[in-house]
Amino acid sequence: MLDKLHEECGVFGIFGHPEAAKMTYLGLYALQHRGQESAGIAASDGQQVRVSRAMGYVADTFDSAALANVPGTLAIGHVRYSTSGESKLSNAQPIVIDCVHGQIAICHNGNLVNARELRNELVGHGSIFQSSSDTEVVLHLYARSKAANLEDAIVESVSQVQGAYSLAMLTRDRMVAVRDPHGFRPLALGRLDDAVVICSETCAMDLIGATYVRDVEPGEVLVVSAAGIRSLKPFPPAPLAHCIFEHVYFARPDSYVFGQSVNEVRTELGRILAREQAVEADVVVPVPDSGICAAMGYAEESGVPLRMGLIRNHYVGRTFIQPQAAIRNFGVKVKLNPVRSILDGRRVILVDDSIVRGTTSRKIVKMVRAAGAKEVHVRISCPPTISPCYYGVDTPQRSELIAATHSIEEIKTFLEADSVAYLSLDGMLSAVGDQRGSYCSSCYTGRYPVEFPRDEASYLQLVLKLDKEVAAK
Ligand code: SF4
């Protein structure tokens, strides 16, 4: 695994399509980059909600027989990334329950900052959880709601959670989309003929031929039923906090998120980086794939030619057999290989989207040097990551983030690079133009728009800890 921050989930939903599960399968396939640990689909035929979930990639998880087990015209689906130790089927989504309000399935992209407190409270009142995922908290709140109808029960339950959530829910005859009032994580609304589609990124719509209509708005609850689409705005307005890292790294460049083209924003990050952090060199080389757009922008702005000096092997499976004899930097070599004819004797500007712990970057710099590069100048298309994310991105603790504990000069020494430079905060925010005030950049500033428990370790490792607690019993 390369040393990157990881998105924790992608969601998809469709209402009013004869092959709802198959469309959801395709949508999840397009969203695979948002989570590779597990995948699941819940569908309703109007009578019953059924679910199919499994560990692994979407294409490996579902075959025709599995999709035939989730019949119906409405479906939601989920791909999930999980931190080490809590990768297990009971945490896969959608989660389905049957309660006083009927059957309901839920999928979640984001992170609830008060999940632990709510969970403890619910357990104290007798709730029995089937997973250690914070998403299940919403279902328990929903099941306990005394509201007269389903929509009010959903609003009542979601009103009690805080943090980042883009939710897709499914009942026997309705699909519901909810986005938190800050709009941390994306959620788009589209149409495929008469069917209504929701998804984390528009690339999922492209694959099935759906048309983007608009984003589900921050703080909006969309109820899709045979009667049409109803939009509710039940939450008090809050300052917008779209995740800027979706543009920097997570989202696919062919997607639009938060109403902006990821490719355009990401390329602009590279252009601004070139203006801010110029250096004499012979060639711009992206760290594929995530560094490609920014490297193109950097090359365009600087006039230094772009060359693919590192080639990525796209067919690396989840596990591979290692030889008994140690091969230096084996993990990185399996994924990336240098092109000597491009690097040999050249001064190289190596463009990447981020440095987390620095361990992978160090190996890549070594690899580029070993291929003959005369100089290696590392350029990063966002500011130093100095603080963890509490809003749905898997981040190590502050102490493990190299930029939180080391100066730029020390990072340069650690990476064994000739120079290291990052994009400024102002430069990053300029790339989204007049939307800059709508973005979260907490992992670069340490200033958080939504409060979170100060016990960082227990929060970041919430699921892991819960797993251990369960195992110890
Ligand atoms: S802290 Fe960083 S990764 Fe998390 S939501 Fe904010 S910008 Fe995105």
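See the structure shown above.
Residues numbered from 1 in each chain as written. Predicted model: local features only at pLDDT ≥ 70, side-chain atom pairs only at ≥ 80, totals over all residues. Heavy atoms only, no water.

## Some words on the site of the ligand
Then comes step 1: What surrounds the ligand is the set Arg185, Cys243, Ile244, Phe245, Cys389, Tyr391, Val393, Cys440, Ser441, Ser442 and Cys443.
Then comes step 2: The cavity that encloses the ligand is the second largest cavity.
Then comes step 3: Broken down by secondary-structure element, the contributors of at least two residues to the shell around the ligand are α8 (244–250) and α17 (442–445).
Then comes step 4: Here the shell around the ligand is composed, by residue class, of 8 nonpolar, 2 polar and 1 charged. (Near = heavy atom within 4 Å. 1 Å grid on protein atoms, 1.4 Å probe; cavity = no way out; pocket = protein on both sides within 12 Å on 5 of 7 lines; lining within 4 Å. Sits in = over half its atoms within 2 Å of the grid points. Helix = DSSP H or I, 4+ residues; strand = E, 2+ residues; numbered from the N terminus. Nonpolar A, V, L, I, M, F, W, Y, C, P; charged D, E, K, R; others polar.)

## Notes on unusual backbone geometry
Then comes step 1: Along the chain, glutamine 93 connects to proline 94 via a cis peptide bond; the corresponding omega equals 5°.
Then comes step 2: Its location among the elements puts proline 94 in the loop between β5 (74–80) and β6 (95–99).
Then comes step 3: Backbone geometry at aspartate 193 places phi at a positive 55°, although glycine is not the residue there.
Then comes step 4: Structurally, aspartate 193 is set in the loop between β10 (188–192) and β11 (195–199).
Then comes step 5: Phi angles above zero are rare outside glycine, and glutamate 416 is one such case at about 60°.
Then comes step 6: Note that glutamate 416 resides in the loop between α15 (408–415) and β24 (419–422).
Then comes step 7: With a relative accessible area of 37%, glutamate 416 lands in the partly exposed category. (Buried < 20%, exposed > 50% of the residue type's maximum accessible area, 1.4 Å probe, protein only.)

## Overview of the environment of glycine 437
Then comes step 1: As for its placement among the helices and strands, glycine 437 is situated in the loop between α16 (425–430) and β25 (439–440).
Then comes step 2: Through-space distance from the C-alpha of glycine 437 to that of proline 239 is 9.0 Å; in sequence the pair is 198 residues apart.

## Here's the deal with the packing of aromatic side chains
Then comes step 1: Per the counting criterion, the structure on display carries 9 aromatic pairs.
Then comes step 2: Note on phenylalanine 245 and tyrosine 444: the rings are 6.4 Å apart at their centroids and 55° apart in plane angle, and the pair reads as tilted. Of this pair, phenylalanine 245 sits in helix α8 while tyrosine 444 sits in helix α17, placing them 199 residues apart in sequence.
Then comes step 3: Judged by its relative accessible area of 7%, tyrosine 444 falls in the buried class.
Then comes step 4: With 5.4 Å between their ring centres and 50° between their planes, tyrosine 249 and phenylalanine 250 make a pair best called tilted.
Then comes step 5: Ring pairs connect the aromatic residues Phe184, Tyr390, Tyr391 and Tyr448, which therefore count as one cluster.
Then comes step 6: Across from the ring centre of phenylalanine 129, 4.2 Å away, lies the NZ or CZ of arginine 119, which sits over that ring.
Then comes step 7: Here the guanidinium or amino end of arginine 362 rests over the ring plane of phenylalanine 414, the centre of that ring lying 4.7 Å away. (Phe/Tyr/Trp six-rings, centres within 6.5 Å; stacked < 30°, edge-to-face > 60°. Lys NZ or Arg CZ within 6 Å of the ring centre and 35° of its normal.)

## Focus on the sheet that holds strand β18 (residues 283–286)
Then comes step 1: The 4 strands lie next to each other as β18-β21-β22-β24, forming an open sheet whose pairing is parallel. Every other strand in the sheet has two partners, leaving β18 and β24 as the edge strands with one partner each. Neighbour-to-neighbour, the strand axes of the sheet open up by a mean angle of 25°, direction not taken into account.
Then comes step 2: Taken together, the 4 bridges between β18 and strand β21 (residues 347–352) define a ladder with parallel strand orientation. Residue pairing across strands places valine 285 opposite leucine 350, the latter belonging to β21.
Then comes step 3: Docked against the sheet, helix α10 (residues 292–302) engages β18, β21 and β22 (375–380), running at close to 165° with respect to β18.
Then comes step 4: Set on the sheet, helix α13 (residues 359–370) makes contact with β21 and β22; between it and β22 the angle comes to about 145°. (Pairing = 2+ DSSP bridges. Axes fitted to C-alpha atoms, helices over the stretch in contact; angles between N-to-C directions. Contact = heavy atoms within 4.5 Å.)

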